[in-house]
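Survey of secondary and tertiary structure
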Amino acid sequence: MGFNCGIVGLPNVGKSTLFNALTATQAAQAANYPFCTIEPNIGRVAVPDPRLDRLCAIAGSAKIIATQLEFVDIAGLVKGASKGEGLGNQFLGTIREVDAIAHVLRCFEDGDVTHVQGSVDPVRDAEIVETELMLADLDSLEKRLPALEKRAKGGDKEAATEGPLVKQALDLLREGKPARDAVLTAEERPVFNRLQLITAKPMMYVLNVDEASAASGNDHSAKAQAFAKSRGMLSVVISAAIEAEVAQLAPEDQAEYLSSLGLKETGLARVVRAGYQLLDLVTFFTVGPKEARAWTVRREARAPEAAGVIHTDFEKGFIRAETIAYDDYVSLNGESGARDAGKLRLEGKDYAVKDGDVFHFRFNV
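Let me sum up the structure you'll find in this document.

The rules we used
Residues numbered from 1 in each chain as written. Predicted model: local features only at pLDDT ≥ 70, side-chain atom pairs only at ≥ 80, totals over all residues. Heavy atoms only, no water. Helix = DSSP H or I, 4+ residues; strand = E, 2+ residues; numbered from the N terminus. Rg over C-alpha atoms; globule rule 2.2 N^0.38 Å. Buried < 20%, exposed > 50% of the residue type's maximum accessible area, 1.4 Å probe, protein only. Contact = heavy atoms within 4.5 Å. Areas by Shrake-Rupley, 256 points an atom, 1.4 Å probe, with all protein chains shown as cover. Lys, Arg positive; Asp, Glu negative; His and termini not counted. Charge placed at Lys NZ, Arg CZ, Asp CG, Glu CD. Phe/Tyr/Trp six-rings, centres within 6.5 Å; stacked < 30°, edge-to-face > 60°. Lys NZ or Arg CZ within 6 Å of the ring centre and 35° of its normal. Axes fitted to C-alpha atoms, helices over the stretch in contact; angles between N-to-C directions. Parallel < 35°, antiparallel > 145°, perpendicular 65-115°, else oblique. Nonpolar A, V, L, I, M, F, W, Y, C, P; charged D, E, K, R; others polar. Core = buried A, V, L, I, M, F, W, Y, C linked by side-chain atoms within 4.5 Å.

Counting its secondary structure elements, the chain contains 14 helices and twelve strands. Against the globule reference of 21 Å for 365 residues, the chain gives a C-alpha radius of gyration of 23 Å, in line with a compact fold. In terms of overall dimensions, the chain has a C-alpha envelope of 65 × 65 × 35 Å along the principal axes. In the chain, which comprises 365 residues, the proportion classed as buried is 50%. Counted over contacts in the chain with a minimum sequence separation of 6, partners at least 24 positions apart contribute 68%. For the chain, the exposed area adds up to about 17300 Å²; of that, 49% sits on carbon and sulfur atoms. Taking the 42 positively charged and 52 negatively charged side chains of the chain as two groups, their mean positions are separated by 6 Å.

The structure is reproduced here in structure tokens:
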């Protein structure tokens, strides 16, 4: 099961530098001119989780395999993208395919790196990009609505269900609000998701500051953080330039370098964790002598779905899940201790996966 987060923003805000650091590659060309990224680049990154190290140590696992998120580097949007300006149509099409959006805002001054708007103002930049995304959604829904209404009049039940949701989204967009502000019931949510609206996707802001501001931020990032908070959205302050440097260092040298800058961890670790939170994901573990491994599943997923993340046969032939909570596994020093203490539970098909569950799936195909 794949979960991906698209990296978007105006040109020259640090998207490709961030992507290169995330994936520790030079897969995306970072250059000081608009549209240096013509095709979306895709990279998978490990989700930092110290629990995995602890499980590995207790079980004596030979190796650790972290769960991963996929990041998609999408070329810069410009004003007018919703009408095809720049490479607008291509970029908007790519954004529609991702699960969530990481919106990079430039919060640094640098005379050597041009800004398409002529000055640094992260809130203005956020509003430019989001306006283009809202206009793209508005155009899509306005084209779709007449056919939906016609089908609904003809007795089409699906169209009758979808129509009111399209109208609700249109009302929001016409008021200058994103589609994610829609108030939906649990039954309406999957129908609404099928509309594939860009502004309905969960989004966070990545505030890219200069190296000197990496530890404490600056006036630009403070302004952007206040803007994000006012909208109830996540924001993460990083210096993409520092992250790119850290990515080139040996693991044993990274902590010392970060400490010299007043940082306890990489900004990328915070970005990945925020992306995980944004997508509303939880982690479960499988632990044995060969490997300790983390897996990703959506919150409230049932046990068979989690089993299917490992292999489709596990879901098809699911019998039960031998389950130990992470805290019990650690405090009782592993599976045998948890079993002896009565903390190993047998869960069935209706069990909702909890973050940190350690599973052994029983199945028969």
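In this section: the packing of aromatic side chains. Here the structure, examined in full by the defined rule, presents nine aromatic pairs. Note on Tyr205 and Phe227: the rings are 5.9 Å apart at their centroids and 55° apart in plane angle, and the pair reads as tilted. Within this pair, whereas Tyr205 is found in strand E6 (residues 203-209), its partner Phe227 is found in helix H7 (residues 219-230), the two being separated by 22 residues in sequence. Judged by relative accessible area, which is 13%, Phe227 ranks as buried. Of the aromatic side chains, those joined through ring pairs into one cluster are Phe284, Trp295, Phe318, Tyr351, Phe359 and Phe361. Over the ring of Tyr326 we find Arg51, and its NZ or CZ is 5.9 Å from the ring centre.

With that out of the way, let us pick up the packing of helix H4 (residues 122-153) against H7. Axis separation between H4 and H7 bottoms out at 8 Å; the angle between their running directions is 45°. The orientation of H4 with respect to H7, classified from their angle, is oblique. Contacts between H4 and H7 involve Pro122, Val123, Ala126, Glu127 and Glu130 from the first element and His220, Lys223, Ala224 and Phe227 from the second. Residues that form the contact of H4 with H7 fall into these classes: five nonpolar, one polar and three charged.

Counting residues in each nonpolar core, the largest one holds 54 residues, and the members touching the most others are Leu18, Leu22, Leu69, Phe71, Ile95, Tyr205 and Val206. Excluding residues that lie within four positions of it along the chain, Leu69 makes contacts with Phe3, Gly43, Arg44, Val45, Val47, Val272, Gly275, Tyr276, Leu279 and Leu281. By size, the runner-up hydrophobic cluster in this structure holds 19 residues, among which are Leu141, Leu172, Leu184 and Leu195.

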